[in-house]
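Understanding the architecture of this molecule
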Amino acid sequence: MQNNFEKTRVLITVMTYPHPSVSYRELVCTAGITDNYNWVRLYPIDYRYMPPEKKFKKYQYINIELEPSGHGNDGRKESRKPRLDTLEILGEPLSTKNKWRERNRIIENVPHYTLNKLREQYNIDKTSLGIVRPTCVRDIIIERSNKDWKPEWREMFRQTRLFGEDPKPLFKIPYKFSYVFECNDSVKPHKASITDWELGMLYINELKRIGIEKVTAESVKDKYLNELCSESRDVRFFMGTFFPYNTWLVLGVYWPPKEGQGFLF
C-alpha cells in the first residue's frame, strides 16, 4: 500500500548495463547510499524508458519513496521497491574536483569489506551490496559470449505494444569481462564479472571508433585495468550479488586518486 512507502534520499552510485526482462521490458540494477550510509537497491528500474526529467546520473542525489523492506521473492536486505512517480532529482552529480572530495566524503563513511567477508555476511543476513578495496588487481579476463540475446528476448524486442512504448533496441555486448583481484584475506585470487553500464557504453563507443570486436574488447580492458586500477588510484569495487545466489559481481568501479598524487579534475 502507498502508506508503507518511505521518502528516502539516495546517492546513486551503481547502474549496470541493461538486461532484458519479460516482466519489466528491461532492468538496470540500480543502487545507492542513504543519508545513514546504508545501501539500497532500487528494483525494478527500466531506466531507458523513464521520462527525461526522471533520468538521474551516477553520484547524483534523488528523493524517492521506497518500500521499507524487500519485496516479492527477493529476500536481500537492501532491496526496495521504488515509486518512480515520486522520484525527484536533487542538484548536479557530486564533483570529482579536489581529488574527488565531495564523493569521498560519502564513500569513506560506508563500510568496506573483503569479498570473503561479504560472502560470510550474505549467509548471515542476506547482505548483497558492499564496497571492496582490493589489495591487488591482477588482470581482466575477456571471454566470448553470445552475440545475440536469447530467442524469447529477441521476440520480445520485436513485439509492439497496444499501450505504452514499444521495446527499444538493446545492443548485446559479445564479451564477458571479469576482474581478477586479491583482498588482504584472499587464499587465492577472486574472479568477478563486471556489469557496469559505463563498461557497456565504452565498448559500444569504442566499437564505433575501431570497428573490430576483438580490438575493441582489448581497448575496454586497457581502460578498466590500466587506467582505473593504476598505481595512482585508490580503487574500490561496488559489488553486489547475482540473485538468488551468493555470487558477487563488480557493479561499478570507484577510482579516486590516491592521497599525495596531486590530481585535480
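Remember, it's a predicted structure, so these values are computed and weren't measured experimentally. Sequence positions are assigned chain by chain, starting from 1 and proceeding in written order. For a predicted model such as this one, the threshold for reporting local features is a pLDDT of at least 70, and the threshold for listing and counting side-chain atom pairs is 80 or more; totals across whole chains, interfaces and linings nevertheless cover every residue. Each side-chain value is worked out from all heavy atoms of the structure, with water and hydrogens disregarded.

1. Here we look at the packing of aromatic side chains
Centres within 6.5 Å are what make two rings of Phe, Tyr or Trp a pair, Trp counting through its six-membered ring; a difference in plane orientation under 30 degrees is then read as stacked, over 60 as edge-to-face, and the rest as tilted. Summed over the entire model, instances satisfying the criterion amount to 15 aromatic pairs. Its end group placed over the ring of Tyr-122, Lys-126 keeps NZ or CZ at 5.2 Å from the ring centre. The cationic tip of Arg-144 hangs over the ring face of Tyr-175; the distance from NZ or CZ to the ring centre is 4.6 Å. Note on criteria: charge over ring means Lys NZ or Arg CZ within 6 Å of the ring centre, with the direction from the centre no more than 35 degrees off the ring normal.

2. Considerations on the pattern of salt bridges
Whenever Lys or Arg places a side-chain nitrogen within 4 Å of a carboxyl oxygen from Asp or Glu, that contact is recorded as a salt bridge. Per the stated rule, a full pass over the model turns up 24 salt bridges. Asp-46 is the salt-bridge partner of Arg-25, the closest N and O atoms lying 3.0 Å from each other. Here Asp-46 lies in the loop between strand 5 (39-42) and strand 6 (61-66) and Arg-25 lies in strand 3 (residues 25-27), a separation of 21 residues in the sequence. When sorted by exposure, Arg-25 lands in the same class as Asp-46, which is buried. The salt bridge involving Lys-117 is made with Glu-120; its shortest N-O contact spans 3.9 Å. Strands are runs of DSSP state E lasting at least two residues, helices are runs of H or I lasting at least four, and both sets are numbered from the N terminus onward. For each residue, the accessible area found with a 1.4 Å probe, counting protein chains only, is set against the maximum for its type, and the residue is called buried under 20%, exposed over 50%, and partly exposed in between.

3. Points about the nonpolar core
Put simply, a nonpolar core is a bunch of buried Ala, Val, Leu, Ile, Met, Phe, Trp, Tyr and Cys residues held in one set by side-chain atoms that sit within 4.5 Å of each other. Membership of the largest hydrophobic core comes to 55 residues, with the highest contact counts inside it found for Phe-177, Tyr-179, Phe-181 and Phe-237. Element by element, the count of residues in this core is highest for strand 15 (residues 248-254), at 6 residues. Working rule for contacts: check all heavy atoms of both residues, and any pair within 4.5 Å makes them a contact. When residues no more than four places from it in sequence are discounted, the contact partners of Phe-237 are Gly-130, Ile-131, Val-132, Pro-134, Val-137, Tyr-179, Phe-181, Cys-229, Val-250, Gly-252 and Val-253.

4. Some thoughts on the side chain of Glu-26
Residue position: Glu-26 is located in strand 3. Taking relative accessible area as the criterion, Glu-26 reaches 0% and is therefore assigned buried. When residues no more than four places from it in sequence are discounted, the contact partners of Glu-26 are Pro-18, His-19, Pro-20, Ser-21, Ile-45, Asp-46, Arg-48, Tyr-49 and Leu-170.

5. Details of the sheet that holds strand 1 (residues 6-15)
DSSP bridges decide pairing: two strands pair if at least two such bridges lie between them. Taken in spatial order, the 6 strands make up an open sheet running 7-5-4-1-6-8, and their pairing is mixed. Only two strands of the sheet have a single neighbouring strand rather than two, namely strand 7 (79-80) and strand 8 (82-90).

6. Section: the environment of Lys-188
When you line up the elements, Lys-188 lands in the loop between strand 12 (175-182) and strand 13 (190-193). A relative accessible area of 63% means that Lys-188 is categorised as exposed.

7. Let's talk about the pairing of strand 14 (residues 236-241)
For strand 14, the tally of buried residues reaches 6 of 6 residues, placing the bulk of the element in the interior. Side-chain alternation along strand 14 places Arg-236, Phe-238 and Gly-240 on one buried face and Phe-237, Met-239 and Thr-241 on a second face that is also buried. With 4 bridges connecting them, strand 10 (residues 129-132) and strand 14 associate as antiparallel partners. Note that in strand 14 the partner of Ile-131 across the bridge is Phe-238.

8. Details of the side chain of Glu-65
Within the element layout of this structure, Glu-65 appears in strand 6. Side-chain atoms alone can form a polar contact between residues adjacent in sequence; in general such a contact is a pair of N or O atoms within 3.5 Å, and within protein one must be able to donate a hydrogen while the other accepts it. In terms of polar contacts, Glu-65 uses its side chain to reach the side chain of Arg-83, at 2.7 Å. The residues touching Glu-65, leaving out its near neighbours within four places in the chain, are Phe-5, Glu-6, Lys-7, Lys-81, Pro-82, Arg-83 and Thr-86.

9. Quick look at the sheet that holds strand 12
As summarised here, the arrangement of the 3 strands in space is 11-12-13, forming an open sheet in which the pairing is antiparallel. Since the sheet does not close on itself, it has two edges, and those belong to strand 11 (136-144) and strand 13, each with one partner. Pairs of neighbouring strands in the sheet enclose a mean axial angle of 25°, with direction left out of account. Pairing of strand 12 with strand 13 involves 4 bridges; the strand directions are antiparallel. Axis definition: a line fitted to C-alpha atoms, limited for helices to the stretch in contact. Angles are taken between N-to-C directions and run from 0 to 180 degrees.

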